[in-house]
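Structural overview
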Amino acid sequence: MIKAVIFDLDNTLVDFMAMKDAAIESAVLAMTDAGLKIPKQKAKEKIYKIYDEEGIEDQKVFDKFLTKEFGNIDYRIHAAGIIGYRRAREAALVLYPHVHLTLMELVKRGLKLAVVSDAPRLQAWLRLCQLNLHHIFDVVITYEDTNKRKPDPEPFKNALQQLQIEAEEAIMVGDWAERDIVGAKLIGMKTVFARYGDRFDTVNSGADYEIDDVIKILDIVDELSTK
Ligand SMILES: [Mg+2]
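All figures in this text were calculated on a predicted structure; none of them were measured in a lab. (Residues numbered from 1 in each chain as written. Predicted model: local features only at pLDDT ≥ 70, side-chain atom pairs only at ≥ 80, totals over all residues.)

The element strand β4 (residues 170–174) is extensively covered by neighbouring structure, given that five of its five residues are classed as buried. With burial as the criterion, each face of β4 is covered, one bearing A170, M172 and G174 and the other bearing I171 and V173. The pairing of β4 with strand β5 (residues 190–194) spans four bridges and is classified as parallel. Following the sheet pairing, I171 is matched in β5 by K190. Read from β4 through helix α9 (residues 177–186) to β5, the crossover connection turns out right-handed. (Buried ≥ 20, exposed ≤ 12 C-beta atoms within 10 Å, placed from the backbone. Helix = DSSP H or I, 4+ residues; strand = E, 2+ residues; numbered from the N terminus. Pairing = 2+ DSSP bridges. Right-handed = clockwise from strand over helix to strand, strands pointing away.)

This is how it looks when you write it as structure tokens:
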């Protein structure tokens, strides 16, 4: 009997990379307007390189970019970049199609909902609040809640414990096979690979199910409930 569905956040519920791309594009244009003299594509590549080295959630990426390029920070350019980033981020942070509908349907069916994310706590909550999802989840586990990243069992176990259910009673949905699927499987949860969010051209996800649209979760829940 399935009692809860646990979702990864970024690239599973939220189209995170689409948001990131739009925000960086807008930031570079704003910095160029403020006096940055690096071609747009080059500047974007350099910023993404910093993200690769420091992590995609790095909050000081423009400081590091400007310091690296010029040895100091021109605050006219820096501030313009931050404003450009924020403006686009607000507009570009969206849910994948059918996420809202699927969550509502799951709630109607009496299932509990949770998020298990490796994102920093504040960033995860900012995204949830902006998307008006902050009341729908019974449990939200972020990086600081366990200080462990998936596939470590700890964040999954923490979610199950707070949901007061067993691993076999939960489905984990995620876009990152090595983290979401491996971790959840390890402790005995059913797993669903969100292929629509895959950025690694994953061939074999190892998941029990694969979906191209989040709404397919409803069929999976129905199927598992009749077993
Ligand atoms: Mg993800």
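Below, the discussion takes up helix α6 (residues 121–130). What α6 keeps buried is the set A124, R127 and L128. Looking straight down α6, one finds that the buried residues subtend no more than 100° of arc, so they occupy a single side. Residues of α6 that are exposed and point more than 90 degrees away from the buried face comprise L122 and C129. Remark: N132 follows α6 within two positions and exhibits a positive phi of approximately 60°. (Arc of directions from axis to C-beta.)

Orientation of helix α2 (residues 40–54) relative to helix α3 (residues 61–70), taken along the N-to-C sense of each, is 120°, at an axis distance of 10 Å. Taken together, the axes of α2 and α3 lie oblique to each other. Two packed elements cross with a definite hand, and for α2 against α3 that hand is right-handed. Of the residues in α3, those touching α2 at K46, I47, I50 and Y51 are V61, K64 and F65. (Axes fitted to C-alpha atoms, helices over the stretch in contact; angles between N-to-C directions. Parallel < 35°, antiparallel > 145°, perpendicular 65-115°, else oblique. Left-handed = near helix turned anticlockwise from the far one by under 90°. Contact = placed C-beta atoms within 7 Å.)

Time to look at the domain arrangement of the protein. Here the protein is described as being made up of domain 1 (4–16 + 94–225) and domain 2 (17–92). The C-alpha centroid of domain 2 is placed 30 Å from the C-alpha centroid of domain 1. Opposite the eight residues of domain 1 that make contact, domain 2 presents six residues. Counted by class, the side of domain 1 that touches domain 2 contains four nonpolar, two polar and two charged residues. (Domains from an automatic or database assignment. Nonpolar A, V, L, I, M, F, W, Y, C, P; charged D, E, K, R; others polar.)

Right, let's get into the nonpolar core. The biggest cluster of nonpolar side chains holds 43 residues, and the ones touching the most others in it are V5, I6 and I171. Residues in contact with I6, not counting those within four places in the same chain, are A114, V116, A159, A170, I171 and M172. Within the second largest apolar cluster, 16 residues are counted, among which are V28, L36, F65 and I77. (Core = buried A, V, L, I, M, F, W, Y, C linked by C-beta atoms within 7 Å.)

On to the packing of helix α1 (residues 16–33) against helix α4 (residues 75–92), then. Viewed as axis vectors pointing N to C, α1 and α4 meet at an angle of 145°, and their least axial separation amounts to 7 Å. Our pair here, α1 against α4, has a crossing hand that is right-handed. The segment α1 lies against α4, with A18, M19, A22, A23, E25, S26, A27, L29, A30, M31 and D33 engaging I77, A80, G81, I83, G84, Y85, R87, A88, R89 and A92. Considering only residue class, the contact of α1 with α4 consists of 14 nonpolar, three polar and four charged.

Attention shifts here to helix α5 (residues 99–108). Within the span of α5, buried status applies to V99, T102, L103 and L106. With its buried residues spanning 95° around the axis, α5 presents them on a single face. Across α5 from its buried face, at more than 90 degrees, point the exposed residues M104 and K108. Check the buried side of α5 and you find it contacts β1 (4–7), β2 (112–116) and α10 (216–225).

Let's shift gears to unusual backbone geometry. With omega at 10°, the peptide bond leading from K150 into P151 counts as cis. Along the chain, P151 falls in the loop between α7 (143–146) and α8 (153–163). Even without being glycine, H98 reaches a positive phi, approximately 75°. Notably, N132 is not glycine yet its phi reads approximately 60°, a positive angle.

All right, on to the pairing of β5 then. Every other side chain in a regular strand lies on the same face of the sheet, so the side chains alternate between the two faces. Counting buried residues in β5 gives five out of five residues, a clear majority hidden from the surface. Residues of β5 alternate between two faces, with K190, V192 and A194 on one and T191 and F193 on the opposite face, all of them buried.

Another point: the sheet that holds β4. Pairing is parallel in the open sheet, where six strands are placed in the order β3-β2-β1-β4-β5-β6. Of all the strands in the sheet, just β3 (139–141) and β6 (209–211) have a single pairing partner and so form its edges. In this sheet, adjacent strand axes meet at a mean angle of 20° when their direction is disregarded. Across three bridges, the pairing between β5 and β6 is parallel. Counterpart to A194 in the pairing with β6 is I211.

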